[in-house]
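Summary of the model geometry
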Amino acid sequence: MSKATQPYIGKQLTERTFTVTDAMLADYYGGLALARPDGGKVPSMLGADAENAYFGQIAFPNHIGHLWMRQGLECFGVLDPGATYAVSGRIRDIYPHRDRSVVYYEAEARDETGSVVVRTHHHQSFLREKPAGGQVEFRDPSKKPGARKFIIPEGERFGGLTRTITLEMCGEFFHGNANYHTDRKESEALGFRDVVVGGRMTLAYTTHILEERFGDAWWESGSLDLKFTNPTWPNDDITARGVDTGPVDGEPGNGGDRHGAFVWLEKADGTVVLIAQASVAA
């Protein structure tokens, strides 16, 4: 690959536009099996959707087994239905993680005044070598080091949203496109044993319970640092849970004190899908 197409630190990604369409909103609510509220705000996760088109510019040539590892999200305002936003991005870092190389790229969506409405921090991982036999092997969650997942912090519980993720839901959420999140043949071609439920779906359940918990404060000042810990497969039952952890110190750039939360998604057998630290302006 030439340097023009090979990912490298500092690479500026092509500026583009992103429009919040009614079809996108319909697929979001239908694919997650959530009721669409009358006159409700645009879900904050759709802001992260603005970075979607950049995969071809940040990917290493070996796509077999590529996985989304981590995601950051910063909210600065509400997206408007039908509005178009200018999107720009750049690769901030490339770093090793076990047998993978991880590309960390940042993207921003700006409104017509030039103000940032949402900023995302995406960490996409690529196997350095194609797996023997062509199939990606996952470690047994129960046998991973530190398999006790995490310590649930003190605080008021919220969430508890449970859904069974069906293949039909995956197809609707991803707009009917055939890819490894919706089609088994496409998934097998990338070395997976079955369709991999998209991280954008599990991320969306996370932001959904944060929106319910914090309301306007989430859309105006929400911040999220999320780590994917295990894959989700069709017909898995998942539950989104959270703990309101109260006041926390503001991170540099967030401005002032914050109000925190810890969120996780788990399967019916207790396998943890993701964990996330979140906060809003106090």
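Preceding block: the structure.
Residues numbered from 1 in each chain as written. Predicted model: local features only at pLDDT ≥ 70, side-chain atom pairs only at ≥ 80, totals over all residues. Heavy atoms only, no water.

Observations concerning the overall build of the protein
Along the protein, the regular secondary structure elements total 7 helices and 10 strands. Its C-alpha radius of gyration of 18 Å places the protein within 12% of the 19 Å reference for a compact globule of 282 residues. Along the three orthogonal principal directions, the C-alpha set of the protein runs to about 50 × 45 × 35 Å. Residue burial in the protein is summarised as follows: out of 282 residues, 50% are buried. Within the protein, contacts between residues at least 6 apart in sequence are counted, and of these 72% link residues at least 24 apart. Approximately 13,300 Å² of the protein is accessible, and the part contributed by carbon and sulfur atoms is 49%. On the protein, the mean spot of the 30 positive side-chain charges and the mean spot of the 38 negative ones are 7 Å from each other. (Helix = DSSP H or I, 4+ residues; strand = E, 2+ residues; numbered from the N terminus. Rg over C-alpha atoms; globule rule 2.2 N^0.38 Å. Buried < 20%, exposed > 50% of the residue type's maximum accessible area, 1.4 Å probe, protein only. Contact = heavy atoms within 4.5 Å. Areas by Shrake-Rupley, 256 points an atom, 1.4 Å probe, with all protein chains shown as cover. Lys, Arg positive; Asp, Glu negative; His and termini not counted. Charge placed at Lys NZ, Arg CZ, Asp CG, Glu CD.)

Digging into the packing of aromatic side chains
One pass over the full model with this rule turns up 11 aromatic pairs. With centroids separated by 5.9 Å and ring planes inclined at 70°, the aromatic side chains of Phe-60 and Phe-126 adopt a geometry described as edge-to-face. Of this pair, Phe-60 sits in the loop between α3 (55–58) and β2 (67–75) while Phe-126 sits in strand β5 (residues 116–127), placing them 66 residues apart in sequence. By relative accessible area, which is 18% here, Phe-60 ends up buried. Overall, Phe-126 belongs to the buried group, its relative accessible area being 1%. Plain terms: the ring middles of Phe-158 and Phe-214 are 6.4 Å apart, the flat faces sit at 70° to each other, and that makes the pair edge-to-face. A residue pair is termed long-range when its members are at least 10 positions apart, and Phe-158 in strand β6 (residues 156–164) and Phe-214 in helix α6 (residues 199–214) qualify at 56 residues. Among the aromatic residues, ring-to-ring pairing joins Tyr-28, Tyr-29, Phe-173 and Phe-174 into one connected group. For the cation-ring pair, Arg-16 lies above Tyr-54, with the distance from its terminal atom to the ring centre recorded as 6.0 Å. When the ring centre of Trp-233 is taken as origin, the NZ or CZ atom of Arg-193, which lies over that ring, is 4.0 Å away. (Phe/Tyr/Trp six-rings, centres within 6.5 Å; stacked < 30°, edge-to-face > 60°. Lys NZ or Arg CZ within 6 Å of the ring centre and 35° of its normal.)

Let's talk about helix α1 (residues 22–32)
Burial in α1 covers these residues: Met-24, Leu-25, Asp-27, Tyr-28, Tyr-29, Gly-31 and Leu-32. In this structure, the buried residues of α1 make contact with β1 (12–19), α2 (45–48), β6, α4 (167–173) and α6. Once α1 finishes, Ala-33 follows within two positions and takes phi at roughly 55°, a positive value.

Let's talk about the side chain of Glu-51
Relative to the helices and strands, Glu-51 is located in the loop between α2 and α3. The residues touching Glu-51, leaving out its near neighbours within four places in the chain, are Arg-16, Trp-68, Gln-71, Tyr-105, Ala-107, Thr-120, His-122 and Arg-200.

Topic: the packing of α1 against α6
Put simply, α1 and α6 touch, their axes get as near as 11 Å, and they point 90° apart. Considered as vectors, α1 and α6 are oriented roughly perpendicular to each other. Contact residues: Tyr-28, Gly-31 and Leu-32 in α1; Met-201, Ala-204, Tyr-205, Thr-207 and His-208 in α6. For the contact of α1 with α6, the residue count by class is 5 nonpolar, 3 polar and no charged. (Axes fitted to C-alpha atoms, helices over the stretch in contact; angles between N-to-C directions. Parallel < 35°, antiparallel > 145°, perpendicular 65-115°, else oblique. Nonpolar A, V, L, I, M, F, W, Y, C, P; charged D, E, K, R; others polar.)

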